[in-house]
Amino acid sequence: MHEALFYKPIEKKAVLCNLCHHHCRIPQGKRGRCGVRENREGRLFSLVYGRLVAEHVDPVEKKPMFHLLPGSLSYSIATVGCNFQCRHCQNYEISQYPALHHGQIAGVGRSPAAVLEQTVAAGCASISYTYVEPTIFYEFAYDCCVLAKRQGLRNIFVSNGYMTAEVVRHLAPVLDGINIDLKAFHSEFYQTICKARLEPVLENIRLFHELGVLVEVTTLVIPGLNDSEAELSTIARFLRSVSVNIPWHVSGFYPTYKMLDRPATSPESLIKTREIGLAEGLRFVYTGNLRGLGGEETHCPGCNSLLVHRQGFSSRVIDLENGHCRQCREPVHGVWQ
């Protein structure tokens, strides 16, 4: 066990967890919604510190992060647990593991130093905290981030964006990039599908960007739930209000977990969504997980030169030099070196 950060004692040995916007009030002997933070005699402990259930070497494009060291590898880690309960979660076996296994915590013991050693040995340029919501194993992720920064490695969160502002400000100095799921743009979706709220996610997209972290955003386009032109246009306009340079990944839904009543997203729907994003003024809109749609490459927003060629999860830098287009010298938003 490892004592948690971001909590305070309240009455009768209960604690208030301020890690995420659920702000769980946790009585003695109980856990928060994530299932991995437990109150023991008025002290909150992380049950998953160093208890990894996933360790993989991935292309950074798989996160997806398209504007952070394209073509590089990222050492990806996760524990069990999540603070969302998404009905369409593709990783529900680990994200919902405690709930599905009577509170059990699975995982192999690792230290931050061991993670760093494996990252370097695998030739990775970054560590990605991913597969589940990494905020729920924040203490371990943060310790890994600190070590990685000392070694000149990059850190990436793949997140639902539901952490508190206090956590954002604590994390930002050691975080290089974050891909935040913006799952929809109406509160009912978040309440019924994810058991959460929309507003904190919007606030954190703005805050991470303001603090200088490279923000990329992913929206899974689900037929009949968040795929109307009006909603997708609203998402694009919100992102544009933060920055025209935020990369927006629009990905296809596949029926899974508790959402088997919907068809898979059509290629035409993703192409249309990309067109909406570009029409609303976003510079970088990418189609994801359906290949051959022509929406994976990065072009210069100034002269339209091809900057990064992508095929699947492989990337090749074509016409970028020190973060600028070689042809017209337009600066291109991202972490390129």
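Conventions adopted
- Residues numbered from 1 in each chain as written.
- Predicted model: local features only at pLDDT ≥ 70, side-chain atom pairs only at ≥ 80, totals over all residues.
- Heavy atoms only, no water.
- Phe/Tyr/Trp six-rings, centres within 6.5 Å; stacked < 30°, edge-to-face > 60°.
- Helix = DSSP H or I, 4+ residues; strand = E, 2+ residues; numbered from the N terminus.
- Buried < 20%, exposed > 50% of the residue type's maximum accessible area, 1.4 Å probe, protein only.
- Arc of directions from axis to C-beta.
- Contact = heavy atoms within 4.5 Å.
- Pairing = 2+ DSSP bridges.
- Disulfide = S-S within 2.5 Å.
- Right-handed = clockwise from strand over helix to strand, strands pointing away.

## Examining the packing of aromatic side chains
Within a pair of aromatic rings, the relevant descriptors are the distance that separates the centres and the angle that separates the planes.
Stage number 1. Scanning the entire structure with this criterion turns up ten aromatic pairs.
Stage number 2. A centroid spacing of 6.4 Å and a plane angle of 85 degrees characterise the contact between F84 and Y190, whose relative ring orientation is edge-to-face. Note that F84 is positioned in the loop between strand 9 (73-78) and helix 1 (92-95) and Y190 in helix 6 (residues 187-194), a separation of 106 residues in sequence. Take F84 and Y190: they sit in the same class, and that class is buried.
Stage number 3. Ring geometry for Y129 versus F157: centroids 5.5 Å apart, planes at 50 degrees, classification tilted. On the criterion of sequence distance, the pair formed by Y129 in strand 11 (residues 126-129) and F157 in strand 12 (residues 154-159) is long-range, its members being 28 residues apart.
Stage number 4. According to the relative accessible area criterion, F157 is buried, its value standing at 0%.
Stage number 5. Joined through ring pairs, the aromatic side chains of F84, Y162, F189 and Y190 make up one cluster.

## Re helix 6
Stage number 1. Along helix 6, the residues that are buried comprise F189, Y190, I193 and C194. For helix 6, the angular spread of buried residues about the axis comes to 95 degrees, placing them on one side.
Stage number 2. In this fold, the buried residues of helix 6 make contact with strand 13 (177-181) and helix 7 (199-210).
Stage number 3. Directly beyond the C-terminal end of helix 6, a positive phi value near 60 degrees is found at K195.

## What about the pairing of strand 18 (residues 306-311)?
Stage number 1. Sheet topology note: the strand 17 (residues 298-299)/strand 18 ladder contains two bridges and is antiparallel. Directly across from H299, in strand 18, lies its bridge partner L306.
Stage number 2. Sheet topology note: the strand 18/strand 19 (residues 314-317) ladder contains four bridges and is antiparallel. Each residue of the ladder has a partner; that of R310, found in strand 19, is S315.
Stage number 3. The antiparallel pairing of strand 18 with strand 19 creates a hairpin that spans two residues between the two strands, and G312 there sits at a positive phi of about 65 degrees.

## Side note on the state of the cysteines
Stage number 1. Inspection of the entire model under this criterion finds zero disulfides.
Stage number 2. With no disulfide of its own, C20 has C24 as its nearest cysteine by sulfur position, at a separation of 5.9 Å.
Stage number 3. Residue C20 is classed as buried on the basis of its relative accessible area of 9%.

## Thoughts on the pairing of strand 13
Side-chain direction in a regular strand flips from residue to residue, so the side chains alternate between the two faces of the sheet.
Stage number 1. Among the five residues in strand 13, four count as buried, and that is most of the element.
Stage number 2. The sheet contact formed by strand 12 and strand 13 spans four bridges and is parallel. Paired with I156 across the bridge in strand 13 is G177.
Stage number 3. With helix 5 (residues 165-171) bridging strand 12 and the parallel strand 13, this β-α-β connection has right-handed handedness.
Stage number 4. By the bridge criterion, five bridges tie strand 13 to strand 14 (residues 214-221) in an arrangement that is parallel. Bridge pairing in strand 14 places G177 opposite L214.

## Notes on unusual backbone geometry
Stage number 1. The peptide bond linking K63 to P64 adopts the cis configuration, its omega dihedral lying at -5 degrees.
Stage number 2. Residues other than glycine seldom take positive phi values, yet E41 does so here, at roughly 55 degrees.
Stage number 3. Position of E41 among the secondary structure elements: in the loop between strand 5 (37-40) and strand 6 (43-46).

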